[in-house]
Amino acid sequence: MGIKQNIEEIITQIPEGVKLLAVSKTKPLSYLEEAYEAGMRDFGENKVQELVKKSENFHEDVRWHLIGHLQTNKVKYLVDKVYLIHSLDSVNLLNEIEKVFGRVNKTANALIQINIGREESKTGILEENLYEFINKIEKCDHVLVKGIMVIIPQGDEESNRRYFKRTKEIFEELKTKKFKNISMEILSMGMTHDYMTAIDEGSTLVRIGTGIFGERNYNAGGEKNE
Ligand SMILES: *Cc1c(COP(=O)(O)O)cnc(C)c1O
């Protein structure tokens, strides 16, 4: 096992300005500790309970990212725990975050998850509904959107590149416009098997699990109903 070496190797590959998120879902704190010692301060989890539990038992200066689908009834547990919600994927969820964070007069930072591959099995906003969704974000007082996140369909490099390119186009398009509560700073795309392609196409944040911590025992990746 070489968590430190894995991180060092990835860091030499990614250009400055691209952030590395260590996706630590299903992994024990001892693994996270190795990553922490290698300098990692941003960790990604896909389940709320796991994020909360780990955050309460780990270094205080870590920034916790929620990268998996978020059920509305779990939003309340994230207050004061989550640094960035990558998976803002529905109007219902937006409304719940606004309500829950509003109650304690806090603000949630989030990325709009776009279902770029239009897959039934994945959550996320469809391109044609984006502006309607943005309209609702502009009416919020407790949600700040910092960019876009995508989980692309499985495919070969050419297919990956196409989805990353399209996402980057949307990101750039939104960047040219002025919306209340929205700034396009973070483009979260790319995982272990495709992060170099993602960076090539403009990613500013790559989410890497297997490439840092090794294989997981089950597929915990970005699907509905988990
Ligand atoms: C699990 C997961 C990752 C990391 O996947 P790897 O292939 O292990 O790098 C990235 N993003 C999301 C949304 C995930 O659920």
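Cut-offs and rules
- Residues numbered from 1 in each chain as written.
- Predicted model: local features only at pLDDT ≥ 70, side-chain atom pairs only at ≥ 80, totals over all residues.
- Heavy atoms only, no water.
- Buried < 20%, exposed > 50% of the residue type's maximum accessible area, 1.4 Å probe, protein only.
- Helix = DSSP H or I, 4+ residues; strand = E, 2+ residues; numbered from the N terminus.
- Pairing = 2+ DSSP bridges.
- Right-handed = clockwise from strand over helix to strand, strands pointing away.
- Polar contact = N/O pair within 3.5 Å; in protein donor to acceptor, adjacent residues only side chain to side chain.
- Phe/Tyr/Trp six-rings, centres within 6.5 Å; stacked < 30°, edge-to-face > 60°.
- Lys NZ or Arg CZ within 6 Å of the ring centre and 35° of its normal.
- UniProt positions renumbered as here; feature names shortened; annotations may be inferred.
- Salt bridge = Lys/Arg side-chain N within 4 Å of Asp/Glu carboxyl O.

(A) Fine view of the pairing of strand S6 (residues 143-150). Among the eight residues that make up S6, six are buried, leaving the element largely enclosed by the rest of the structure. Pairing of strand S5 (residues 108-114) with S6, which is carried by seven bridges, proceeds in the parallel orientation. Residue pairing across strands places Ile112 opposite Ile148, the latter belonging to S6. By the bridge criterion, four bridges tie S6 to strand S7 (residues 182-188) in an arrangement that is parallel. Within S7, the residue paired with Met149 across the bridge is Ser188. Considered for its hand, the β-α-β crossover made up of S6, helix H6 (residues 157-175) and S7 is right-handed.

(B) Structural detail: the side chain of Thr123. Here Thr123 is to be found in the loop between S5 and helix H5 (130-138). A distance of 2.8 Å separates polar atoms of two side chains, one belonging to Thr123 and the other to Asp89.

(C) Broad picture of the packing of aromatic side chains. Taken as a whole and assessed by the stated rule, the structure comprises five aromatic pairs. When the ring of Phe58 is compared with that of Trp64, the centres are 6.2 Å apart and the planes differ by 70°; the resulting orientation is edge-to-face. Following the ring pairs from residue to residue traces out a cluster consisting of Tyr36, Phe43, Phe58 and Trp64. Above the face of the Tyr36 ring, Arg41 is positioned so that its terminal group lies 3.5 Å from the ring centre. Above the plane of the ring of Tyr83 lies Arg63, whose end atom (NZ or CZ) is 5.8 Å from the centre.

(D) Structural view of the UniProt feature "modified residue: N6-(pyridoxal phosphate)lysine" (unreviewed entry) in the protein chain. The UniProt entry lists Lys25 under the feature "modified residue: N6-(pyridoxal phosphate)lysine" (unreviewed entry), expressed in the numbering used here. With a relative accessible area of 7%, Lys25 lands in the buried category.

(E) How the structure looks around the pattern of salt bridges. Applying the stated rule across the entire model yields 20 salt bridges. Among the ionic pairs, Glu45 bridges to Lys54, the shortest N-O distance being 2.9 Å. This pair shows no difference in class: Glu45 is buried, exactly as Lys54 is.

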